[in-house]
Structures are given as C-alpha cells and as structure tokens.
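Below are the chains, spelled out letter by letter.
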Amino acid sequence: MTYFNRFACCLVNYGHTRSIICDTQRNNYYFIPNSLYILLTEEFPNFSIEEIYDNYGEENEKHLKDYLNFLLVNEIGFIDTQIIKELIPLNLNYKVAEPISSIIIDLSKESFFLEDSFQIAKFIDTNRIKQLQIRCYDLIDLNTFFKFLNNLSKTTLKGIEIILPYEMKLENRLISKNIIKSNDKINTLIYFGCDKNKQDKYLNRIIIYVEDKIINKKNCGLISSNYFNSNLETYTLSNNHNSCLHKKISIDSEGNIRNCPSMPQSFGNIKDTTLEEALNHKDFKKYWNLTKDNIEVCKDCEFRYICTDCRAYTERKHTNKDGLDTSKPLKCGYNPYNGEWEEWSKNPLKEKAINYYGIQELVKKL
C-alpha cells in the first residue's frame, strides 16, 4: 500500500468554482479543481492510493494519476508506505503581542504635523509598533520630510514603506539614494505616476515604479491578484481577523485619526485628541475581527485567505446583526461564481456605490 502525504505548509482553500493550494513556505499558490480539493482533504488523509483507485474506478484512473503527478512535480507532498502522523497540521492561530502592529500616515504639503511628530513617535514607542507606511500625494519639502522621517525612525519601528509621486524623483534624481541612505529602517520605496512599471534595488532596499496615478486616499482599496500574498503570516491573519484593519491605526493628511485613512469614521484629530484616546474609543476596533469568511461573496472565494480586504469602499449591499458592513469590496472585479476577472469600474451594478462615495472622476480615469 502507498499513501500521499501533503506537506503541512501547503494549505488548501475551497472556492465556489475552483480551489487553490497555498504553499505558505514558498509564497506561491496553484489553481486546482474542487475534485482535487476533496481528494486532498478527505481521501488522501484516510485511504491508500490503491484504495482510492478502486473506489473511483478505471474510468477515473487517468485523472487521478494526473492529479498525483501535479502534486509531486510541484512538491505539494510525497508518497510513502504509510500516512506520516508526524506531519502535524500548522497552527493557524494569529497572535501579535503589540496593541498596534502598523500605522499609516498620509502627508501633503499642508500637513501641520510634519513640523511636530513628538506625539506620533511617543505612541509608536508606547505600543511597540513595528511597521510604518508613509504616503505623500503631492510635492512636499524634502528637508521637512527628512526631519519628520528621522524623528519617527528613532522608535521601535522595524520597517518603513514610503509612497511618493514620481514628480519628486524627476525634480531630484538622487532622492532615492538620499532617502535610503538616511534611514536603515526603510525597506520599500514606491513611486506612482511613472511612465512604466518596473522594479529596482539600492543597498538591498526595493524601489518600485508604478504607472498608477494616486491622487488621494480615494485611490485606496483596489483588490488585485498583484497584491495577493500566500505567506503564512497573511494566511493566518486572514483566517482570524480582518486582513486590512486588524491592529492598524492611521492619520490622514489633515491630522484625522482613523482605522485607515479612507475609512469614513474619524476618532478625533491629533490637534486635540491623543492617539491613545482614539484607540480606546468603543468603535475603533469594530472591524478588526471581521474575516473574509463573514463577507458576502468573499466567503465563497478561493482567494479569501491570501487577499486584502477593504471596508472603506464596499458595494454597500449587506449589513450583519452588529451593524457592520459585510458587503464585497467595491474595487474587486473578481467573480468567484465563474472564476473570471472584470474591470470593477465598468460593472453597472456598482454604479450606485460609486456615486455614493463620490469617486466618479477616479473611475473615469481608469
């Protein structure tokens, strides 16, 4: 007798039309038919390959052999003379000790807090925040920006991602090198509004150039396969919590404190409200534990544990018993019921929500 043993790091997601195997160790995923999902979850863990051949009959033998070959070639598992009990399933719990794990700060040339980042730096240290994303929508003074950045980097932060308009690169061709050299916590630098998409590196830091024209926070929330991440951290986070908002806090360019800069509810402004006060507001964490398994349409999608979510822009069709918006993200063009992608902005069923959010101009430019 022989048995197929699936590696513990290869997790399977069931979808309405098809399923996927997520190799969380290699950060990769593979499409599979739902019939193979059943084999992987119900048949292989309990029966020998020979028994499965007998159960499915000669007419299905070729399909079974093709499936096994696919699994072995892609190193999803291995064949042995027994089911290896030592292949303990991965613990899919997600636990982060810090009260807040990431912070987003939006900047414009009018952002008053550029000159005084003491409160923000103190909050980062107190809550042991590890990740910071800074998004600049227009040209800002570089000297002021460097000072702001350096003040925040003297904290518990481990990684900083910066998003800038490409115009700043055109005005100062050494900007990338100067920013990266000035701060060893910067891991990614992204320029938007470029002539073409490309990627570069400097001192082992990633520099990404994208064609997308990011005008303001209304550009947030796009769901795309380009943003899928099948590593174990993303997978376990999405299993247990909201993949976008869990343990996140943000400051928009006007100083308003939100879960995400694009979320409608503000919990005060840093002019007169501390970040701790905002964090302790009764509604601040209300979306933190809303998983994709509880969001309409997403719950039937094979990508639900490797995809991001967006509660700022949704189709506004469903609400749960707690009053939370459980609608599909507005800017998602994937249909799990036929396995096809379409341009989300061209879907007439989304027109009402597009008008509600006032993003008609954004849609016209897509």
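These numbers come from a predicted model, not from an experiment. (Residues numbered from 1 in each chain as written. Predicted model: local features only at pLDDT ≥ 70, side-chain atom pairs only at ≥ 80, totals over all residues. Heavy atoms only, no water.)

Attention shifts here to empty space enclosed by the protein. Scanning the entire structure with this criterion turns up two cavities of 30 Å³ or more. Counted as a void, the largest cavity has a volume near 120 Å³. Taken together, 14 residues make up the lining of the largest cavity; nearest its centre are C298, C301, C307, C332 and Y334. Considered class by class, the residues forming the lining of the largest cavity number 11 nonpolar, no polar and three charged. As a volume, the second largest cavity reaches approximately 30 Å³. Taken together, F44, I49, I52, Y53, L64 and L68 form the lining of the second largest cavity. If you list the elements that add at least two residues to the lining of the second largest cavity, you get α2 (49–56) and α3 (61–73). Ranked by residue count, the leading element in the lining of the second largest cavity is α2, at three residues. (1 Å grid on protein atoms, 1.4 Å probe; cavity = no way out; pocket = protein on both sides within 12 Å on 5 of 7 lines; lining within 4 Å. Points joined across faces, edges and corners; volume = space filled by probe spheres on them. Nonpolar A, V, L, I, M, F, W, Y, C, P; charged D, E, K, R; others polar. Helix = DSSP H or I, 4+ residues; strand = E, 2+ residues; numbered from the N terminus.)

A word on α2. Among the residues of α2, those classed as buried are I49, I52 and Y53. Viewed along the axis of α2, the buried residues span an arc of 100°, placing them on a single side of the element. The exposed residues of α2 that point more than 90 degrees off its buried face are D54 and N55. In this structure, the buried residues of α2 make contact with β1 (3–6), α1 (34–43), α3 and β5 (77–80). Trailing α2 by a residue or two, G57 shows a phi angle of about 85°, which is positive. (Buried < 20%, exposed > 50% of the residue type's maximum accessible area, 1.4 Å probe, protein only. Arc of directions from axis to C-beta. Contact = heavy atoms within 4.5 Å.)

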